[in-house]
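This is what each chain is made of:
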Amino acid sequence: MFETQRRNFLRLPILAAATIGMQRFSDADEPRQKTTQIDPRGYFTVDRRNDRWWMIQPDASVNFSLGLNHIDPEPLRQGEDDRLWQKRYAADVLRWLAESVRKNLLDWGFNTVGLTADVIALENDDRRLGGGLSPAQLRSLQLPYGYLLPFSQPDPETGELPPNDYLGQPFARWCDRIARQHCAAVRDDRQLIGYWSAERPDWSQARFSSRSEMANQATGYYQTIRTAIRRYDPHHLILGDRYDASRSLSATVVRAALPHVDLLSVDCSGDAVNVHRQLSKMAQLFDRPILVADHAIDRQPHNNAWPPQENRFHDPRGYRRTVEMLTAIPQVVGYHLCGGYLPSQLLRRGLMDAQERPDRLAIEGIRTTNAAVKRWVADTGDSPLEPPG
């Protein structure tokens, strides 16, 4: 990188994660900002330091989460030629995670495993997700990760749908069962950042008879989920719903969530300017930590058909510009790229193709941006990333 570019990158107010050198705080430091966590010591938390929100790692160092979403071996398993899956990995997911995924995530500069489940069906604009990696598979990557709890998904055994009255006992029992099944097993996992409660839920006003009903139902929903999680896990963050920034979202719903979640997770769309506009407004209204939970920019725009009818490719300049603009928002604590690692049949975009041939243009640009984060960490800074001069 040219020295001019390097000087600009070193102004980046991002601190990377566990695999690289980081600014350290005393292990005795306690988060000054209250979270829902009963006992956060030795686990991920969030805190405001030097007028900026940060993800705080188990060793008390600060971190800006750089994650990759949609890490699923299905394109290898179900491709036209599955010999690679059989020959290279002996059809073993753990071997694939160790020899391919972990190695590449570190090489590309990512420090977090995002939402691993891939989209397997679209109904109108609602996305149905596959199962994603199991906790044991996620732990095998030896990287921080987030975990989506299936509060909003049908019971896999009975097909029963979640209760839609969030104030009643059926919903409380539903949440308790899910938290007992999922949270109790990972409550002591120090790689786990925290739990999401739903992917792009519908909080439109049309669902409710009045704004008052919306407020009451939303309060019941978030309070019940928090109670259920905390019954079985006192340690990890509650990452809330993964809101869809392209949908109308009432401030009433977000205000109902705030006492019961530790940060606001947002799936974004559009170019970097649009993402900055979406999140700046949220930051001004609520001044809480914000995680960009899903976003990507294509360098080769598709024909606007949805779902996509042709392959899509990440725009490395768009990635860099998005990170530049997000670092100017003190509430943003991370950015997770809408992958996938491999292109799914539905979303048709990956950093490698179904035969694990890398998209070198995208990867080089993303690696360069993420490496700049690491270099900045070795120094320090308090200004957002600026375009190279």
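(A) Local environment of the overall build of the protein chain. Each helix and strand in the protein chain was counted, giving 11 helices and 13 strands. Across the 389 residues that make up the protein chain, the buried fraction comes to 55%. Of all intrachain contacts in the protein chain linking residues separated by at least 6 positions in sequence, the fraction that spans at least 24 positions is 72%. Working note: accessible area of the protein chain is about 17000 Å², and carbon and sulfur atoms make up 47% of it.

(B) Focus on the sheet that holds strand β3 (residues 62-63). Strands sit in the order β1-β2-β3 across an open sheet of 3 strands; the sheet is antiparallel. Looking at the sheet topology across the chains shown, the edges are occupied by β1 (45-49) and β3. Bridge count for strand β2 (residues 52-56) against β3 is 2 bridges, and the pairing is antiparallel. Each bridged residue has a counterpart across the sheet, and for Ile56 the counterpart in β3 is Val62.

(C) Focus on the pairing of strand β4 (residues 65-68). Burial of β4 is two-sided: the residues Ser65 and Gly67 facing one way and the residues Leu66 and Leu68 facing the other way are all buried. As judged from the 4 bridges shared by β4 and strand β13 (residues 332-337), these two strands associate in the parallel manner. Directly across from Leu68, in β13, lies its bridge partner Leu337. Summarising the sheet, β4 and strand β5 (residues 112-113) pair through 2 bridges and their orientation is parallel. Counterpart to Leu68 in the pairing with β5 is Val113.

(D) Representation of helix α7 (residues 211-232) in the model. Look at α7: 32 Å from first C-alpha to last across 22 residues, which is about the 32 Å you get at 1.5 Å a residue. Those residues of α7 not exposed but buried are Met214, Gln217, Ala218, Gly220, Tyr221, Tyr222, Thr224, Ile225, Ala228, Ile229, Arg230 and Tyr232. On its buried face, α7 is in contact with α6 (169-186), β9 (192-199), β10 (237-244) and α8 (251-257).

(E) Up close: the packing of α6 against α7. Between α6 and α7, whose axes approach to 8 Å, the crossing angle comes to 35°. The handedness of the crossing between α6 and α7 comes out as right-handed. In contact with Phe171, Ala172, Cys175, Asp176, Ala179, Arg180, Cys183 and Ala184 of α6, α7 contributes Tyr221, Thr224, Ile225, Ala228, Ile229, Arg231 and Tyr232. Across the contact of α6 with α7, the residue classes tally to 11 nonpolar, 1 polar and 3 charged.

(F) Representation of the nonpolar core. Ranked by internal contacts, the top residues of the largest apolar core, which has 80 residues, are Trp96, Phe110 and Leu279. The greatest single-element share of this core, amounting to 8 residues, is contributed by α7. Look past the residues within four positions of Trp96 in its chain and what remains in contact with it is Ile71, Asp72, Pro73, Leu76, Trp85, Tyr89, Val101, Tyr341, Leu342 and Glu356.

(G) Representation of the packing of helix α9 (residues 272-286) against helix α10 (residues 316-326) within the structure. In contact at an axis separation of 9 Å, α9 and α10 are set at 25° when each is read in the N-to-C sense. Classified by the interaxial angle, the pair formed by α9 and α10 is roughly parallel. The element α9 and its partner α10 pack so that their crossing is right-handed. Mapping the contact onto sequence places Ala272, Val273, Val275, His276 and Leu279 in α9 and Arg321, Thr322, Met325 and Leu326 in α10. Residues belonging to the contact of α9 with α10 are distributed by class as follows: 6 nonpolar, 2 polar and 1 charged.

(H) Quick peek at the confidence of the model for the protein chain. Mean pLDDT over the protein chain works out to 86, with 84% of the residues at or above the 70 mark. For the stretch residues 1-28, pLDDT sits under 50, and the model shows 92 contacts to residues farther than four places along the chain or on other chains. Here residues 381-385 scores under 50 on pLDDT; set against residues more than four positions off or in separate chains, the count is 23 contacts.

Cut-offs used in this document
Residues numbered from 1 in each chain as written. Predicted model: local features only at pLDDT ≥ 70, side-chain atom pairs only at ≥ 80, totals over all residues. Heavy atoms only, no water. Helix = DSSP H or I, 4+ residues; strand = E, 2+ residues; numbered from the N terminus. Buried < 20%, exposed > 50% of the residue type's maximum accessible area, 1.4 Å probe, protein only. Contact = heavy atoms within 4.5 Å. Areas by Shrake-Rupley, 256 points an atom, 1.4 Å probe, with all protein chains shown as cover. Pairing = 2+ DSSP bridges. Expected span 1.5 Å × (residues − 1). Axes fitted to C-alpha atoms, helices over the stretch in contact; angles between N-to-C directions. Left-handed = near helix turned anticlockwise from the far one by under 90°. Nonpolar A, V, L, I, M, F, W, Y, C, P; charged D, E, K, R; others polar. Core = buried A, V, L, I, M, F, W, Y, C linked by side-chain atoms within 4.5 Å. Parallel < 35°, antiparallel > 145°, perpendicular 65-115°, else oblique. pLDDT = per-residue confidence, 0-100.

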